[in-house]
Amino acid sequence: MTYRKPTTAAEKDAARQAAQAVTAELMQRVSDRIDVLADQLQRGASEELLAFLRFSGRFHCYSANNQLLIEAQAPEARHVAGFHTWKAAGRSVTKGAKALRILAPLLVSDREAPPQPGGRPAQKIAGFTYTSVFADVDTEGDPMPDDAFMVVQGGDDETRALLSELTQAAPVPVIWDDTPNPAHGWTDGGQIVLNRAKCQLDPAHALRVLFHEWAHVELHYQGQHQRPEHLPPRAVRELEADAAAYVLSHLHGIDAAAQVSDYLTTWGGQPEALRASLSRIGRAVSAVMARIEARAVQSAPQAAD
């Protein structure tokens, strides 16, 4: 059946109402999923949230709401994209494949905000609608992107090399400290400090500590322009940093579940707090991965010489 664009006022109104109904259903699915996770945490179970956090790392460029929707519709997916984006990447959507529905912001001009670079008017989100994407498992064609460069292949030497590379990608200097201190790492927003006595002998642990402190820098210091009283309580800040470190460690082939699983249950019974934190964790993971990927691109020509 060929799609015909609505032309009459009645057809356009019907199409708008149908789109609003789909968007409302997607928002409800997200809310229901958050409620389930919060209820499980209240009962002391963190396994399902850990599974979601591992899944979310694959889609760190998407919002937490869309990560939840993608997981619900295609838990086996590693990449999603629109029909034409897949085509431009040399892959085609297989016949009969079912589209995934995710949320897309409705942007309008923001006349109260200063113009963007180049003089373009600023924009703000006025609401949400839905859009359709397809999972990589429902496409065929050119090989998929290879993420193996991010994963520790085994052994302390590889992990130490990765740790050295990532310290160069961090947004602030990373230093080793020999001063006796009970903390494994810390940051004041201007530098990240790793405790040599507690981290140097175990590079995988050092990597997780680095990610924890890096998440603090992204979420609770750098570019936030927030007064201390506007930030979440210290316990929540630590929880967000630890969850982000778990996702980032998993993306690099390091299992940090033992360090974070029991800690996550402190979110239990608070759906809105969990929703807010998942969004913040997603932003931290996305910011860290963007810097790591940019560093990899910068280093590639040197490695090829």
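Below: a short report on this structure. Since the model is a prediction, treat every value here as computed from it, not as a measurement. (Residues numbered from 1 in each chain as written. Predicted model: local features only at pLDDT ≥ 70, side-chain atom pairs only at ≥ 80, totals over all residues. Heavy atoms only, no water.)

1. Brief notes about the overall build of the protein chain
Phase 1: When its secondary structure is counted, the protein chain shows 10 helices and eight strands.
Phase 2: Here the protein chain, with 305 residues, has 39% of them falling under the buried criterion.
Phase 3: Of the contacts formed within the protein chain by residues at least 6 apart in sequence, a portion of 65% connects residues at least 24 apart.
Phase 4: Entry remark: accessible area of the protein chain is about 17,000 Å², with carbon and sulfur atoms responsible for 52%. (Helix = DSSP H or I, 4+ residues; strand = E, 2+ residues; numbered from the N terminus. Buried < 20%, exposed > 50% of the residue type's maximum accessible area, 1.4 Å probe, protein only. Contact = heavy atoms within 4.5 Å. Areas by Shrake-Rupley, 256 points an atom, 1.4 Å probe, with all protein chains shown as cover.)

2. Quick notes on the environment of E48
Phase 1: Secondary-structure assignment places E48 in helix α2 (residues 47-56).
Phase 2: With a relative accessible area of 30%, E48 lands in the partly exposed category.
Phase 3: Residues E48 and L37 lie 11 residues apart in sequence; the distance between their C-alpha atoms is 7.2 Å.
Phase 4: When neighbours within four sequence positions are excluded, E48 is seen to be in contact with R33, L37 and Q40.
Phase 5: Within the structure, E48 has its side chain in polar contact with the side chain of Q40 (distance 2.6 Å). (Polar contact = N/O pair within 3.5 Å; in protein donor to acceptor, adjacent residues only side chain to side chain.)

3. A word on the packing of α2 against helix α8 (residues 234-251)
Phase 1: Where α2 contacts α8, the two axes come as close as 8 Å, and the packing angle between them is 55°. With respect to their mutual orientation, α2 and α8 come out oblique. Seen from above, α2 lies across α8 with right-handed handedness. In this structure, α2 contributes L50, L53, R54 and S56 to the contact, and α8 contributes A243, Y246, V247 and H250.
Phase 2: Class assignment of the residues belonging to the contact of α2 with α8 gives a composition of five nonpolar, two polar and one charged. (Axes fitted to C-alpha atoms, helices over the stretch in contact; angles between N-to-C directions. Parallel < 35°, antiparallel > 145°, perpendicular 65-115°, else oblique. Left-handed = near helix turned anticlockwise from the far one by under 90°. Nonpolar A, V, L, I, M, F, W, Y, C, P; charged D, E, K, R; others polar.)

4. Some thoughts on the packing of aromatic side chains
Phase 1: The full count for this structure, using the stated rule, is four aromatic pairs.
Phase 2: An angle of 75° between the planes, with centres 6.1 Å apart, marks the rings of F59 and Y62 as edge-to-face.
Phase 3: Residue F59 is classed as buried on the basis of its relative accessible area, which comes to 2%.
Phase 4: On the basis of relative accessibility, which here comes to 26%, the residue Y62 falls in the partly exposed class.
Phase 5: Among the aromatic side chains, those forming a connected cluster through ring pairs are F55, F59 and Y62. (Phe/Tyr/Trp six-rings, centres within 6.5 Å; stacked < 30°, edge-to-face > 60°.)

5. Quick notes on the sheet that holds strand β4 (residues 123-135)
Phase 1: Read from one edge to the other, the open sheet built from three strands follows the order β1-β4-β3, with strand pairing classed as antiparallel. Each of the sheet's edge strands pairs with one partner strand only, and the pair in question is β1 (80-81) and β3 (100-109).
Phase 2: As paired elements, β3 and β4 share 10 bridges and run antiparallel to each other. The residue of β4 that forms the bridge with I102 is T131.
Phase 3: Helix α1 (residues 9-42) contacts β3 and β4 of the sheet and is inclined by roughly 85° relative to β4.
Phase 4: Where helix α3 (residues 64-73) meets the sheet, its contacts fall on β1 and β3, and the angle it forms with β3 comes to roughly 160°. (Pairing = 2+ DSSP bridges.)

6. Details of the sheet that holds strand β6 (residues 174-177)
Phase 1: The three strands lie next to each other as β6-β8-β7, forming an open sheet whose pairing is mixed. If you trace the sheet from one side to the other, it starts and ends with β6 and β7 (185-187), each paired once. Sheet twist, expressed as the mean angle between neighbouring strand axes with direction ignored, is 25°.
Phase 2: With four bridges joining them, β6 and strand β8 (residues 192-195) adopt parallel strand pairing. Across the sheet, residue V174 finds its bridge partner in β8, namely I192.

7. Here's the deal with the nonpolar core
Phase 1: Residues L49 and L264 are the most contacted members of the largest nonpolar core, which totals 67 residues.
Phase 2: Setting aside residues up to four positions removed in sequence, L264 forms contacts with L41, S46, L49, L50, L53, L239 and A243. (Core = buried A, V, L, I, M, F, W, Y, C linked by side-chain atoms within 4.5 Å.)

8. A word on the pattern of salt bridges
Phase 1: Per the counting criterion, the structure on display carries nine salt bridges.
Phase 2: A salt bridge links R43 to D39; the shortest N-O distance between them is 3.2 Å.
Phase 3: The class of R43 is exposed, set by a relative accessible area of 58%.
Phase 4: A relative accessible area of 36% means that D39 is categorised as partly exposed.
Phase 5: Residues R280 and E240 are paired through a salt bridge, measuring 3.1 Å at the closest nitrogen-oxygen approach. Remark: E240 occurs in helix α8 and R280 occurs in helix α10 (residues 271-304); sequence separation between them is 40 residues. Of the two residues, R280 and E240, both sit in the buried class.
Phase 6: One network of salt bridges, in which partners are shared, links R33, E48 and E71. (Salt bridge = Lys/Arg side-chain N within 4 Å of Asp/Glu carboxyl O.)

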